[in-house]
Amino acid sequence: MLMLITYDISLADKAGKTRLRQIAKHCLDYGVRVQYSVFECDIAPDQWVVLREKLLKTYNPKTDSLRFYHLGSKWRRKVEHHGTKIAIDIFQDTLIL
């Protein structure tokens, strides 16, 4: 299933910068960054449980915001891209790291 994860982390203090890096790293472990604070994760349900728990343990609910969009398995007809960033379908195209 495809999950779209967005976040807004308060940088008012040093701890916010640490949380920002940790959240981004957790998301990178499971998906690809499509905007600065937006990740697409093609993820199995059991992996989603693990990632969600990591994110919820990392963020500060008093100062930060997390949003999870469940796009499901038929996500390709729900996503439309326009603009300068090349939209690479890492889930179908060949990706060399």
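Quick notes on the rules
Residues numbered from 1 in each chain as written. Predicted model: local features only at pLDDT ≥ 70, side-chain atom pairs only at ≥ 80, totals over all residues. Heavy atoms only, no water. UniProt positions renumbered as here; feature names shortened; annotations may be inferred. Helix = DSSP H or I, 4+ residues; strand = E, 2+ residues; numbered from the N terminus. Buried < 20%, exposed > 50% of the residue type's maximum accessible area, 1.4 Å probe, protein only. Contact = heavy atoms within 4.5 Å. Pairing = 2+ DSSP bridges.

The protein appears in an unreviewed UniProt entry as CRISPR-associated endoribonuclease Cas2 from Neisseria lisongii. One UniProt comment on the protein, placed under Sequence similarities (unreviewed entry), says "Belongs to the CRISPR-associated endoribonuclease Cas2 protein family." The Subunit (unreviewed entry) comment attached to the protein in UniProt states, word for word, "Homodimer, forms a heterotetramer with a Cas1 homodimer."

### A few points about the UniProt feature "binding site: Mg(2+)" (unreviewed entry) in the protein
The positions UniProt marks with the feature "binding site: Mg(2+)" (unreviewed entry) are Asp8. The residue Asp8 is located in strand E1 (residues 2–8) in this model. Residue Asp8 is classed as exposed on the basis of its relative accessible area of 55%. What Asp8 contacts, discounting residues up to four positions off in sequence, is Asp64 and Ser65.

### A closer look at the environment of Cys41
In this fold, Cys41 is placed in strand E3 (residues 38–42). The spacing of Cys41 and Leu28 is 13 residues in sequence and 8.6 Å in space, taken between C-alpha atoms.

### Things to note about the side chain of His26
Relative to the elements of secondary structure, His26 occurs in helix H1 (residues 14–28). Not counting residues within four places of it along the chain, the set of residues in contact with His26 comprises Leu51, Lys54, Leu55 and Thr58.

### Observations regarding the pairing of strand E2 (residues 32–35)
Summarising the sheet, E2 and E3 pair through 3 bridges and their orientation is antiparallel. Bridge assignment links Val32 to a residue of E3, and that residue is Glu40. Joining the antiparallel neighbours E2 and E3 is a turn of 2 residues.

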